[in-house]
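# Descriptive structure summary
As a plain string of letters, each chain reads:
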Amino acid sequence: MAGHSQFKNIMHRKGAQDAKRSKIFNKLAREITVAAKSGLPDPAANPRLRAAILAARVQNMPRDRIDRAIKQGTPGGGDDANYEEVRYEGYGPGGVALIVEALTDNRNRTAAEVRSSFTKYGGSLGETNSVSFMFNRIGAIFYPAAAADADAVFEVALEAGADNVESDENGHEVTTTVENFGAVRDALEAKFGGAESARLTWRPLNTVAPSEDAAASLLKLLDVLEDNDDVQVVEGNFDISDELMQKLTA
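Just so it is clear, the model here is predicted, and its values are computed rather than measured. (Residues numbered from 1 in each chain as written. Predicted model: local features only at pLDDT ≥ 70, side-chain atom pairs only at ≥ 80, totals over all residues. Heavy atoms only, no water.)

## Side note on the overall build of the protein chain
Just so we agree on the cut-off: Working definition: helices are DSSP H or I runs of at least four residues, strands are E runs of at least two. Numbering for both runs from the N terminus. For a compact globule the rule gives 2.2 Å times the number of residues to the power 0.38, and the radius of gyration it is set against comes from C-alpha atoms. We call two residues in contact whenever any of their non-hydrogen atoms come within 4.5 Å of each other. For the purpose of charge, His is not counted, nor are the chain termini; Lys and Arg are scored as positive and Asp and Glu as negative. The atom standing in for a charge is NZ when the residue is Lys, CZ when it is Arg, CG when it is Asp and CD when it is Glu.
Scanning the protein chain from terminus to terminus reveals 9 helices and 8 strands. Against the 2.2 N^0.38 benchmark of 18 Å for 250 residues, the protein chain shows a C-alpha radius of gyration of 18 Å, consistent with a compact globule. Dimensions of the protein chain along its principal axes, counting C-alpha atoms only, are 45 × 45 × 35 Å. Relative to all contacts within the protein chain whose residues are 6 or more apart in sequence, the contacts with residues 24 or more apart total 71%. Of the side chains in the protein chain, 28 bear a positive and 38 a negative charge, and the two mean positions are spaced by 6 Å.

What follows is the structure, encoded as structure tokens:
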């Protein structure tokens, strides 16, 4: 789940995510398997697989689980499911625009479940491109503050073609165009090691600050969506204050 309040909204429910660690591992494993199927099973030659493995390591996914997921994505590895990448778009409570990305082996099942979740919590699922025009598709790369100082990250990122670098006490966020994402990620990785996260994402052009009631319903909707095995990422244009987030997640 990601809103636009920098890293605070992304990490606001870490405790809840820890309680769902097995769910997180399942999603990460599916992405690793699909990435291995889409190219070579060698992360050095498969950027998507490399990014998936890095994401799994950030979540402390066991090495044998990672290796098993890679093996399942190789010919004869045992995973015969044909996963499709599907995007759903709609509005959540308070008029918040949401984009849901899924990996599914049954489009009808996943669409029905996502639609039901939106409806149950006061949202409405729309057609493809019904809200994505309100976002920019970008590459986002995040390094913790301890990885390097701000000047060093800025210099390497900009030289490699990044659009922007924002640094604070939490770390460094580097943003790029979709076209430059791979080159910037690889340049940063060569200098500073693997990023804490590196992926294509949706960045809202403007944000919405939902009321307390709408925010409470929105967080419930996000919980249900993230609990769905097929859903990989949920992005939104909400901006919830720290105070309200703490109140709603206490």
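## What about the sheet that holds strand β7 (residues 197-204)?
Threshold: Each pair of strands is called paired provided DSSP finds at least two bridges between the two strands. Lines fitted to the C-alpha atoms define the axes, with helices restricted to the stretch that makes contact. Angles between their N-to-C directions range from 0 to 180 degrees.
An order of β5-β6-β4-β7 is seen for the 4 strands of this open sheet, with the pairing classed as antiparallel. Of all the strands in the sheet, the pair left with one neighbour each is β5 (164-167) and β7. Between one strand and the next, the sheet's axes are offset by a mean angle of 30°, whatever the strand orientation. With 8 bridges connecting them, strand β4 (residues 135-144) and β7 associate as antiparallel partners. If you follow Ile141 over to β7, its bridge partner there is Ala198. Those strands touched by helix α7 (residues 181-192) are β4, β6 (171-176) and β7, and its axis lies near 5° from that of β4.

## Some points on the UniProt feature "domain: TACO1/YebC-like second and third" (unreviewed entry) in the protein chain
Inclusion rule: UniProt positions are given in the numbering used here, feature names are shortened, and annotations may be inferred rather than shown by experiment.
As recorded in UniProt, the feature "domain: TACO1/YebC-like second and third" (unreviewed entry) lies at residues 83-238. This span, residues 83-238, is 34% helix and 33% strand, and a straight line between its end C-alpha atoms measures 29 Å.

## Observations concerning helix α4 (residues 63-72)
Residue pairs spaced three or four apart in an α-helix point in one direction, given the helix's 3.6 residues per turn. Our working rule: Note on exposure labels: buried denotes an accessible area under 20% of the residue type's maximum, exposed denotes more than 50%, and partly exposed covers the range between, all computed with a 1.4 Å probe on protein chains only. The arc in question is the one traced by the directions running from the helix axis out to the C-beta atoms.
Every buried residue of α4 is accounted for by Ile66, Ala69 and Ile70. Taken down its axis, α4 places every buried residue within 100° of arc, on the same side. In this fold, the buried residues of α4 make contact with α2 (21-38) and α3 (47-58).

## Points about the pattern of salt bridges
Here is the rule we go by: Salt-bridge detection follows one rule: a side-chain nitrogen of Lys or Arg within 4 Å of a carboxyl oxygen of Asp or Glu.
Here the structure, examined in full by the defined rule, presents 16 salt bridges. With its nearest N and O atoms 3.3 Å apart, the salt bridge here joins Arg137 to Glu101. With Arg137 in strand β4 and Glu101 in strand β2 (residues 97-104), this pair connects stretches of sequence that are 36 residues apart. Overall, the relative accessible area of 31% leaves Arg137 in the partly exposed class. The salt bridge involving Glu212 is made with Lys247; its shortest N-O contact spans 3.0 Å. Here the residue Glu212 occupies a position in helix α8 (residues 212-227), and Lys247 occupies one in helix α9 (residues 242-249), the gap between them amounting to 35 residues.

## Considerations on the domain arrangement of the protein chain
Inclusion rule: Either an automatic procedure or a domain database provided the assignment from which the domain bounds are taken. Take the accessible area each of two parts loses on contact, using a 1.4 Å probe, and add the two losses: that sum is the buried area. Under this definition, polar contacts are N or O atom pairs within 3.5 Å; protein pairs additionally need one hydrogen-donor-capable and one acceptor-capable atom, and for neighbouring residues in sequence, both atoms have to be side-chain atoms. Amino acids are sorted into nonpolar (Ala, Val, Leu, Ile, Met, Phe, Trp, Tyr, Cys and Pro), charged (Asp, Glu, Lys and Arg) and polar (every other residue, Gly among them).
What the domain assignment reports for the protein chain is domain 1 (15-71), domain 2 (82-131 + 206-247) and domain 3 (133-202). Using only C-alpha atoms to locate each centre, domain 1 and domain 2 end up separated by 23 Å. With 7 residues of domain 1 at the interface, the matching set in domain 2 holds 12 residues. The largest contributions to the domain 1 side of the interface with domain 2 come from Lys23, Lys27 and Arg30, which together make up 57% of the buried area. Between the two partners, domain 1 and domain 2, sit 3 salt bridges. The residue Asp229 makes a salt bridge to Lys23 at a minimum N-O spacing of 2.9 Å. In this assembly, domain 1 and domain 2 are joined by 9 residue pairs in polar contact (both at pLDDT 80 or more). Counting residues per element, the side of domain 1 that touches domain 2 draws most heavily on α2, at 5 residues. Among the residues forming the side of domain 1 that touches domain 2, the class breakdown is 1 nonpolar, no polar and 6 charged.

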